[in-house]
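Structure assessment
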Amino acid sequence: MNLGYYPGCALHGSSNDYEQSLRACLGALDVTLAEIDDWICCGATSAHSLNHKLAIALPARNLALAHRQGHAEMLAPCPMCSMQLLRAAQAMASDHGLRAEISEMVEAEVNSGPRVLNLIQVFQHVGLDKLKAAVRTPLKDLKPACYYGCLLVRPPTVVDFDDAEQPTSMEAIVAALGAKPVEWSYKTECCGAGMTMSKTETVLELSGRILANAAAHGANCLVVACPMCHVNLDMKQGAIEEFLGTKFGLPIYYLSDIVGMALGLSAGDLGTDRHFVLGGQN
Amino acid sequence: MAAHMDIPPSRLMRLLQLGDGASALRAGSIWQCVSCQTCATRCPKKVDCAAVMDALRQLAFERGAASPGERRTVLFQRAFLDNIRRNGRLNEIELIGAFKGMVFLRDRSLPFLFRDAGLAPRLQKRRKLHLLGEKARDRGVVARIFARAGYGGAQ
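**Details of the interface of chain B and chain A**
Chain B puts 45 residues into the contact, and the matching count from chain A is 41 residues. Those elements giving two or more residues to the side of chain B that touches chain A turn out to be helix 4 (38-42), helix 5 (49-63), helix 6 (71-87), helix 7 (92-107) and helix 10 (139-148) of chain B. Considering each element in turn, the side of chain B that touches chain A owes the most residues, 8 residues, to helix 6 of chain B. Partitioned by chemical class, the residues of the side of chain B that touches chain A number 22 nonpolar, 10 polar and 13 charged.

**Notes on the domain arrangement of chain B**
Residues and elements named next belong to chain B. What the domain assignment lists for chain B is domain 1 (2-66) and domain 2 (69-148). Just the C-alpha atoms count here: the centres of domain 1 and domain 2 sit 26 Å apart. Taken together, the contacts link 5 residues of domain 1 with 5 residues of domain 2. Of the residues that constitute the side of domain 1 that touches domain 2, the class distribution is 3 nonpolar, 2 polar and no charged.

**Focus on the domain arrangement of chain A**
Residue and element names in this part refer to chain A. Segmenting chain A into domains produces domain 1 (2-117) and domain 2 (134-274). Its C-alpha centre places domain 1 at a distance of 23 Å from the equivalent point of domain 2. Of all the elements in the fold, those that place two or more residues in the side of domain 1 that touches domain 2 are helix 1 (8-11), helix 2 (16-28), helix 3 (44-50) and helix 5 (79-93). Here the element with the most residues in the side of domain 1 that touches domain 2 is helix 2; it accounts for 8 residues.

**Overview of the environment of A:Ala10**
Residue and element names in this part refer to chain A. Structurally, Ala10 is set in helix 1. C-beta crowding within 10 Å serves as the criterion here: with 24 such atoms nearby, Ala10 is assigned to the buried category. In this structure the C-alpha to C-alpha distance between Ala10 and Met228, which are 218 residues apart in sequence, comes to 8.1 Å. Aside from chain neighbours lying at most four places away, what touches Ala10 is Ser15, Cys78 and Pro227.

**Overview of the pairing of strand 1 (residues 2-5) of chain A**
Relative to strand 2 (residues 32-35) of chain A, strand 1 of chain A runs parallel, the two sharing 4 bridges. Considered in strand 2 of chain A, the bridge of A:Gly4 is made with A:Ala34.

**Here's the deal with helix 11 (residues 200-216) of chain A**
Note: α-helices contain 3.6 residues per turn, so residues at a spacing of three or four share the same orientation. Residue and element names in this part refer to chain A. Taking 1.5 Å as the rise per residue, helix 11 with 17 residues should run 24 Å; its terminal C-alpha atoms sit 24 Å apart, in good agreement. What helix 11 keeps buried is the set Thr202, Val203, Leu204, Leu206, Ser207, Gly208, Ile210, Leu211 and Ala214. Of the surrounding secondary structure, the elements contacted by the buried residues of helix 11 are strand 5 (144-146), strand 6 (221-224), helix 12 (227-235) and helix 13 (237-244). The positive-phi residue at the C-terminal boundary of helix 11 is Gly218, with phi of around 85 degrees.

Rules used throughout
- Residues numbered from 1 in each chain as written.
- Chains lettered and ligands numbered in written order.
- Predicted model: local features only at pLDDT ≥ 70, side-chain atom pairs only at ≥ 80, totals over all residues.
- Contact = placed C-beta atoms within 7 Å.
- Helix = DSSP H or I, 4+ residues; strand = E, 2+ residues; numbered from the N terminus.
- Nonpolar A, V, L, I, M, F, W, Y, C, P; charged D, E, K, R; others polar.
- Domains from an automatic or database assignment.
- Buried ≥ 20, exposed ≤ 12 C-beta atoms within 10 Å, placed from the backbone.
- Pairing = 2+ DSSP bridges.
- Expected span 1.5 Å × (residues − 1).

Shown next as structure tokens:
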């Protein structure tokens, strides 16, 4: 499978462990990624908060570049990016005037494509049967709490993926690898997202509740498919423990870490040795 | 999030229905909102509250009417966009420096200035710190997109 690849800023910044993980894991599954040449930032929360036009134009420029570079499908592993790309595509699909205006604004013709995929969808594309057959190390000791956060499933009118309140797509994948996902209550609660710098206490409180709920339901790790969720739950876990006066010690894995481990890839291959909270698996 | 807000989304929508946009624009809650999209997803009347929050933030920013108590968040969003306008892609170190500098000029808080300093060596050890950062090649087009969108970095 060949996919266009929009890494977004986080995966080329402090979440470079996520990029390492998904490249190693997808490479082992014969999925090749072609990075969009000269991609730019999607604008993230800052653009949609301060300037509506930018929030459409910045993702639109990337959609146009991907189309021009011949990609029918494109992986955007950061849910913030993928939601922004999908929202821009949706706004322009129903409004030809807007599409013409934005095309002029971004100096590139914006067409209908490419189709934007999140990481879970790429594994679905590969197929659960193929994943199962590729397992070399069944993850029988792993009891993950699959954590979706906000933008993989919300707003459903934009992302149109899984169930917005009770998603199960990640559970299906980790179960196929031999892990035993736990039932828990905070799958789609917010971790505090981009407030890490400006309102740290918000992140400590929201992410703390997520870790506490996962622990209370018997999870021995969390699985995420979002760089911001990983930063807040992994990098900030020490600060959260201090804030709440408790100890979690829960490793936070990207979905590609979990698949990669089952495929027999090492911590060094996947970059899980660069996480803040280290698990027994590495 | 609503539990922490001075004016939660439901009351903000009511204020707007009643025509009191000025109170809505001054609300701290529009900057406390984390854009989790839960309100828009669950509203039984299908009101896109999250989009209304975005519109209120943009108007409050452009008119300089944002709640003084939430200035840090406004400054962060501005520092982020200024960074993208310059580089095309986010430079994390530059963003943190610019944001902390802007906050310090306003409130002179030394603890805030140095609060995350201890993280740098821990990120460095994990090869997660990029001192130079990345830039898009065609930064001219990025600057023109920002200009055409009317983003001036006001306030």
